[in-house]
Amino acid sequence: MTLKLATAGESHGPALVGILSGLPAGLVLERDAIDADLARRQQGYGRSPRQQLEQDRVEVLAGLRHGRTLGTPLALVVHNRDHKNWEWGMSPWRPDGDPSGKGTKPITLPRPGHADLAGALKFGHTDTRNTLERASARQTALTVAAGAVAKALLREIGIEVEGVVVTMGNIDEAKADRDTVGGIVEARARGVPPGLGSYATKDDRLDARLAAAVMGIQAVKGVEVGAGFELAGQRGSEAHDEIFKDERGIHRETNRAGGIEGGVSNGEEVVVRAAMKPLPTLMRPLRSVDLETGEPAEALVERSDVAAVEALSVVAEASVAFELARAAREKFGGDAVGDFVAAHGAYLERIPWSAR
Ligand SMILES: Cc1cc2nc3c(=O)[nH]c(=O)nc-3n(C[C@H](O)[C@H](O)[C@H](O)COP(=O)(O)O)c2cc1C
């Protein structure tokens, strides 16, 4: 029993779609809670006007009846409201009539730091729009929708996940210089029982799985669990979290391991941090090469965020929630949500630990 998410959708195409399978039946989902997370992803200092234009809302086409999951695949859709301006340019079928609206002219000016050149070479695209439409972080709307569903499942067993910004470059200065900035975000999960993930193989390790989930988000170039890179410079006596026992059970007074040892959650808060590079689309473009002429040229300038660090904190929260929910499904199983909750309860009875 595991959760799976398959997604499709271009940034300015008709919609983003996702199929989320592996949910138990009877899980209550709130449309407003999913939409609230979609709105959080769109907000934040430094984002482009597109975010006001869109106001994402989730549609559910299957797997849900009267707000409760059916135990069958959940089909999610987030429409791209901006598509109305791109109907010709992003028409899935050969468009009728004369070109109109946006996206009608091929783009041949790859942006350093974006997927444009790599995608053009790999797939043979002569119009880099064919790459950027999917490489763009627009698809993280679906990650966030699925993450909101995962959070509802995790809440059933007392797990809460939250993403926050740790640091961010100076946006006002960057904007004035027509530049971009990155930053660091952190996702924290409370109430995670010991025992999610495993040391048995590298594919099972919870730290590896969380790192892959977070590194899978556009523009993330570094991930650490707990004190991460800092541990490399410390002595063992200061790096490791000593073990104590009191009336609540076994616990630690420090959490430099970020809640994971041996690829297994240890009952402390799970803490994952991600470093985001500065966004590649600059209003003062970097040097590039025109793929049509082979001549030096300036990279594409297109409406873009100055920073998306706050948005990343929401996407990282969703990604960590999804991976934890996946690990929890593997451990506790259950076709009905009650079975899942009962298995979690029975497990907690067995071990000397209680959530703090
Ligand atoms: C939430 C979010 C919003 C983003 N917005 C932009 C943007 O407006 N402009 C841009 O150039 N890159 C943006 N990016 C980053 C690019 O999508 C990313 O750098 C690009 O796809 C290349 O992938 P890579 O950085 O992982 O190598 C955003 C990333 C995230 C997570």
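Residues numbered from 1 in each chain as written. Predicted model: local features only at pLDDT ≥ 70, side-chain atom pairs only at ≥ 80, totals over all residues. Heavy atoms only, no water.

Chemist: Summarise the overall build of the protein; cite the residues concerned and give the values.
Modeler: Across its full length, the protein holds 10 helices and 17 strands. Taken over the C-alpha trace, the protein has a radius of gyration of 22 Å; the compact-globule value for 356 residues is 21 Å, and the two agree within 12%. With the C-alpha coordinates of the protein rotated into their principal frame, the extents come out at 70 × 50 × 35 Å. Across the protein, the fraction of contacts at a sequence separation of at least 24, relative to all contacts at a separation of at least 6, is 69%. (Helix = DSSP H or I, 4+ residues; strand = E, 2+ residues; numbered from the N terminus. Rg over C-alpha atoms; globule rule 2.2 N^0.38 Å. Contact = heavy atoms within 4.5 Å.)

Chemist: Account for the site of the ligand, naming residues and giving values.
Modeler: What surrounds the ligand is a group of 18 residues, the closest being Ala219, Lys277, Thr281, Ser304 and Asp305. A distance of 3.2 Å separates an oxygen atom of the ligand from a polar atom in the backbone of Ala135. In this structure, Lys277 approaches the ligand through a side-chain N or O atom, which is 2.8 Å from an oxygen atom. Here the residues of the shell around the ligand are counted per class, giving 9 nonpolar, 5 polar and 4 charged. (Near = heavy atom within 4 Å. Polar contact = N/O pair within 3.5 Å; in protein donor to acceptor, adjacent residues only side chain to side chain. Nonpolar A, V, L, I, M, F, W, Y, C, P; charged D, E, K, R; others polar.)

Chemist: Describe in detail helix H9 (residues 309–332), supporting the description with residues and values.
Modeler: With 24 residues, H9 extends 34 Å between its outermost C-alpha atoms, agreeing within 8% with the 34 Å of an ideal straight helix rising 1.5 Å per residue. Taken across its 24 residues, H9 has 20 buried, putting it largely inside the fold. (Expected span 1.5 Å × (residues − 1). Buried < 20%, exposed > 50% of the residue type's maximum accessible area, 1.4 Å probe, protein only.)

Chemist: Report on the pairing of strand E1 (residues 4–8), specifying residues and quantitative values.
Modeler: Where E1 and strand E2 (residues 15–21) come together, 5 bridges link them in antiparallel fashion. Looking at E2, one finds that Lys4 is bridged to Ser21. Joining the antiparallel neighbours E1 and E2 is a turn of 6 residues, in which Gly9 adopts a positive phi near 140°. (Pairing = 2+ DSSP bridges.)

Chemist: Residues and numbers for the side chain of Asn266, please.
Modeler: Note on placement: Asn266 falls in the loop between strand E14 (264–265) and strand E15 (270–276). Looking at Asn266, the relative accessible area reads 14%, which means it is buried. Those residues within four positions of Asn266 in sequence are excluded, and the remaining contacts are Pro194, Arg252, Gly259, Ile260 and Glu261.

Chemist: Report on the environment of Ala336, specifying residues and quantitative values.
Modeler: Summarising the element assignment, Ala336 is placed in the loop between H9 and helix H10 (337–350). Classification of Ala336 by relative accessible area gives partly exposed; the value is 30%. Distance in space between the C-alpha atoms of Ala336 and Ala15 is 31 Å, their sequence separation being 321 residues. Apart from residues lying up to four places away in sequence, Ala336 is in contact with Pro24 and Ala25.

Geometric descriptors of this kind do not, in isolation, establish any biological role.
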